[in-house]
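# Overview (structure and organization)
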Amino acid sequence: MIFISNIPNAQTGRSKLQNKRATLNQQIIKQMRMRAGAENLLKATNNNKVKEMVLLELSYVNSDLQLLMGQLEGLNSSMEVYQNTEETANIPLIALGLKETKEIDFSSPFKDFILEHYSEDGRSFEEELADLMDLRQSCRTPSRSEAGVELLASYYSHLPLIESRFFSPTRQNGIFFTWYDSFTGVPVCQQNLLLEKASILFNMAALYSQIGTRSDRQTRVGLEQAIAAFQKAAGVLNLLKETFTHIPSYDMSPAMVSMLIRLMLAQAQQCLFEKMALPGVSNQFYALIRMAQEAAKVSEVFDQVHQFMIQTPIKDNVPLFWSTMSLVKTNHYRSMAHYFVAAALLDHELGPRDDEDQQEKMLSQVYDQLPEGRTPIDILKNKDERKRFGKAHIRRAVSGHEEALRIYSLCEHLTKLEALKDILKASHQRSLEKYSDFENEEEFTDYVDAPDITSKTEHRAEMEVPAATKVKVIDFFQRLGPLAIFSAKQKWTPPRSVRIYPEDRDEGFTLKGESPVQVVSLDPHCQAAGDGLKEGDYIVAVGKTDSKWMGVSEVMQLLKDVDEEGTEIQVVSLMDSNPSMPAKSATFCGNLPKTYSMICLAYNDEEKPLKNRKVTKKSSFLSWGMKNKMKSASMLNLPTMDHSGAMSWNKPIPTFPSSSCYNSDSSH
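Residues numbered from 1 in each chain as written. Predicted model: local features only at pLDDT ≥ 70, side-chain atom pairs only at ≥ 80, totals over all residues. Heavy atoms only, no water.

Turning next to the overall build of the chain. From N to C terminus, the chain includes 18 helices and 13 strands. The burial tally for the chain puts 54% of its 668 residues in the buried class. Counting every atom, the chain has about 30800 Å² of accessible surface; 49% of that belongs to carbon and sulfur. (Helix = DSSP H or I, 4+ residues; strand = E, 2+ residues; numbered from the N terminus. Buried < 20%, exposed > 50% of the residue type's maximum accessible area, 1.4 Å probe, protein only. Areas by Shrake-Rupley, 256 points an atom, 1.4 Å probe, with all protein chains shown as cover.)

Here is the structure:
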C-alpha cells in the first residue's frame, strides 16, 4: 500500500520552512541535553574551578538556546510562504506550522507483542507493519489539500485500533512518541498514544489553516474555501481541547488552544467580510451602514484575539508578530467602520422619498449610546447635525488608520509585508480625502466625538467539525481476530489442539456467538473434554482453516464432514486479568510548566475480563443455529495593492527556563 505525501513538492517554500523547523528542533534538543548535563555536573561537583567552567558553559548554552528560539519564532512569523502566490491584494492571514515528530519503528516491538500476546508469528505481519509505518511517515509531510487532511484523518482513525491491539494497561512495549512544541521547539516524549493522537489533530487544524491562507481571496469560490477551512480548523482545535486536556506540550494546552480557536474564527470572519465587499460596496445609505457594522464585527473579534495573546503565559510563547498583526487589524477594521458611517451621513440626505422610519431604525442600531440631547432622527433630519456627526466619524477613521500604521511600523518583521503596508496607506489616504472635502467647514463649532459603532453581522463564523475526523478505516491487523475479543487488554492461553470426533460434534458440546465461536454446554465425559477442550474456549482454527472471523454456521460447515478419525481444532482460553495498578507511563519534556508535565495515563478499566457462563441445559451442536442466531460613486471598493514582501523577525527572546524536568519520569 502506497500513501501519497508532499514529497514531490519538497522544494516549495512551505516544505523548506518545515525542513528548517525540523533542523531547529534538533538543535534545540541538542542544546537542552548539553544544558541538562552541565546542570547535573554543577550539582555533583564541589570543585570551585569546575563550577566556574560549568557556569561559563551554561551561559553559552543558554545564549544559543535563546538564538534558536528566536529563529523558530521567526519561522512562525513567516506568513508569505502560506499565502496565495497569485494574489497579494488582501490583508495577510496567519497559518499554523505543522508539529514535527521523530520517525518510529513499530516493527520489532509489535512483532514481539504479536508473538508473546497473540501467540502468532510476528514475521507474518511484516506487510501490515510496513503499511502502518508508511502511513505515519507520510503524515509528516502531508500535501496542503483535502487529500493531506484525509491522510492525517486516516492515521488518526487507525490509532484507536492500534492502541487496542498493542498497548496493554499492564505492560509497556518500549515505543516512545516524540513531538516538538510548534512554538518553542521543546520536545515532549510519551509511551502512550495520547500525545500521538493530540498531535495529529493539531496538525489537521494546522493544515486547514494553511489551506485557508492559500485560497484565492479575489474570487468568491476562493473566499468560501477559506471560510470553510478556518471554521474547520477551529472545529478540529475545539475537538482537541475537549478530548485531550492534559497533554504536556504548551502549544496544545487549554489556554493556547482556546486562543488559536478564536484566531481561526476571527480570520473566518475577516473572509466573510471580504466576501461581502468583493463585488464592491454600494454607495447607498443602507449598504454603507450594514458594511460599517460588519467591519466593526471583524474589529471586535480581532480585539478579543489580541486580548488573549497578551495574557501570561500565552504572550511568552506566541510570536510578537501575531499579536501585533491582530492589533493592526483591530484598528484597521474599526476605522473602516467609522469611514462607512461617515460616508452614509455625509454623502446622503434624508429625502422625501426615503423611508424615514427605516433609516432611523438602522441608525439607532449603529449606536449603543448617543451624546445627551441627540437622537437618530435628529441626526438624519438636521443637515448640520448630520455633517457634524459625519465629520466626527471621519476623524475617528483617520486617527484609527494612523494608529494602525504606527503599530505596523513598530514590528520589524511586519514592516516587510509590503501588501499590508500598501493597504493600510490606501485606507488612510481614502479617509483623508473624504475629510478634505469638508475641511473648509467651521471646525470647532459644536464639536462632538463620534460614538462607538455597535458590531453586527448577518453571517457569524462558527466552528465546524469536519467529516474527515471520522474516517472509516480497515484494521491493518484484522487477521489477529475480532478486536472486541482479541485485544491487548485480554490475556489468552496459547492455542491448544483438540481432536473432535463425530460423537463430540453431535452431543459433546454446543457453540454460540458470532465470531469467533465459543464452546458452551460441554459434556465433561466426551472425548474432546478429555483431549483438553474447556467450557468457554474460543475456536480459532478448524484443521488448517483460520476461524477467528467465522460464525457458527461457517464453523458448522467445516465440521459437518468429520469422519471417524476426527479433525483437529485450535482453541484458546481467556485468562483472568485484574491488574491492581496501571503501568507506569513516562513523560519527558523541557521548558514546560509543571501543570503540563503531568503524565496522561493510558490505563482504562472499562473492559472487564469475561466470565465463563454456566449452562445447565445441554443441547445438540447442530441445533444451535435454529435456537440462538445473533446484528459616492455607485460602488466603493476596499483598498488593495499589488506587491508582496518578505519578512524577518525581531522580538526580545525570553530567558529559557530550567530544563530540570527534561530527563525526569512522572507517573500517576
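From this point on, the discussion continues.
Moving on to the nonpolar core. In terms of nonpolar packing, the biggest core is built from 137 residues, with Phe-110, Trp-322 and Phe-477 touching the most fellow members. In this structure, Ile-500, Leu-511, Ala-529 and Val-555 belong to the second largest nonpolar core, which totals 21 residues. (Core = buried A, V, L, I, M, F, W, Y, C linked by side-chain atoms within 4.5 Å.)

Before going further, it helps to spend a moment on the packing of aromatic side chains. Overall, the coordinates contain 16 aromatic pairs when judged by the stated rule. Plain terms: the ring middles of Phe-106 and Phe-110 are 5.1 Å apart, the flat faces sit at 25 degrees to each other, and that makes the pair stacked. Each ring, one from Phe-113 and one from Phe-166, has its centre 5.9 Å from the other, and the planes form 65 degrees; the classification is edge-to-face. Within this pair, whereas Phe-113 is found in helix H3 (residues 107-118), its partner Phe-166 is found in helix H5 (residues 146-166), the two being separated by 53 residues in sequence. (Phe/Tyr/Trp six-rings, centres within 6.5 Å; stacked < 30°, edge-to-face > 60°.)

For a regular strand, the rule is simple: side chains alternate between the two faces of the sheet. With 5 bridges connecting them, strand S5 (residues 496-500) and strand S10 (residues 567-572) associate as antiparallel partners. Bridging across to S10, Val-498 finds its partner in Ile-569. Here 4 bridges tie strand S8 (residues 538-542) to S10, and the two strands are oriented antiparallel to one another. When the bridges of S10 are listed, Ala-541 appears paired with Gln-570. (Pairing = 2+ DSSP bridges.)

Now for the pattern of salt bridges. Inspection of every chain in the model, using the stated rule, returns 22 salt bridges. The partner of Lys-197 in a salt bridge is Glu-163, with the nearest N and O atoms 2.6 Å apart. With Lys-197 in helix H6 (residues 194-214) and Glu-163 in helix H5, this residue pair connects regions lying 34 residues apart in the sequence. Judged by its relative accessible area of 11%, Lys-197 falls in the buried class. Across the pair Arg-165 and Asp-475 runs a salt bridge whose closest N-O atoms are separated by 2.7 Å. Of this pair, Arg-165 sits in helix H5 while Asp-475 sits in the loop between helix H14 (418-436) and strand S4 (491-492), and the two are 310 residues apart along the sequence. Judged by its relative accessible area of 1%, Arg-165 falls in the buried class. Of the residues examined, Asp-475 reaches a relative accessible area of 12% and is grouped as buried. Through salt bridges with shared partners, one network takes in Glu-120, Asp-546 and Lys-548. (Salt bridge = Lys/Arg side-chain N within 4 Å of Asp/Glu carboxyl O.)

One can find Arg-406 in helix H13 (residues 383-410). Sequence separation between Arg-406 and Val-328 is 78 residues; the distance between their C-alpha atoms is 8.9 Å.

Our focus in this paragraph is the pairing of strand S1 (residues 177-180). Burial along S1 is two-sided: Phe-177 and Trp-179 and Thr-178 and Tyr-180, pointing in opposite directions, are all buried. Bridge count between S1 and strand S2 (residues 187-190): 4 bridges; the pairing is antiparallel. Among the inter-strand pairings, Tyr-180 is bridged to a residue of S2, identified as Pro-187. Where S1 hands over to S2, the hairpin turn is made up of 6 residues, of which Gly-185 adopts a positive phi near 75 degrees.

Their axes nearest at 9 Å, the elements helix H8 (residues 254-277) and helix H9 (residues 285-309) cross at an angle of 160 degrees. Comparing the axis directions of H8 and H9 gives the class roughly antiparallel. For the pair H8 and H9, the crossing hand works out as left-handed. Residues Ser-258, Met-259, Arg-262, Leu-263, Ala-266, Gln-267, Gln-269, Gln-270, Phe-273, Met-276 and Ala-277 of H8 form the contact with H9, whose participating residues are Arg-290, Met-291, Glu-294, Ala-295, Lys-297, Val-298, Val-301, Phe-302, Gln-304, Val-305, Phe-308 and Met-309. Residues that form the contact of H8 with H9 fall into these classes: 14 nonpolar, 5 polar and 4 charged. (Axes fitted to C-alpha atoms, helices over the stretch in contact; angles between N-to-C directions. Parallel < 35°, antiparallel > 145°, perpendicular 65-115°, else oblique. Left-handed = near helix turned anticlockwise from the far one by under 90°. Contact = heavy atoms within 4.5 Å. Nonpolar A, V, L, I, M, F, W, Y, C, P; charged D, E, K, R; others polar.)

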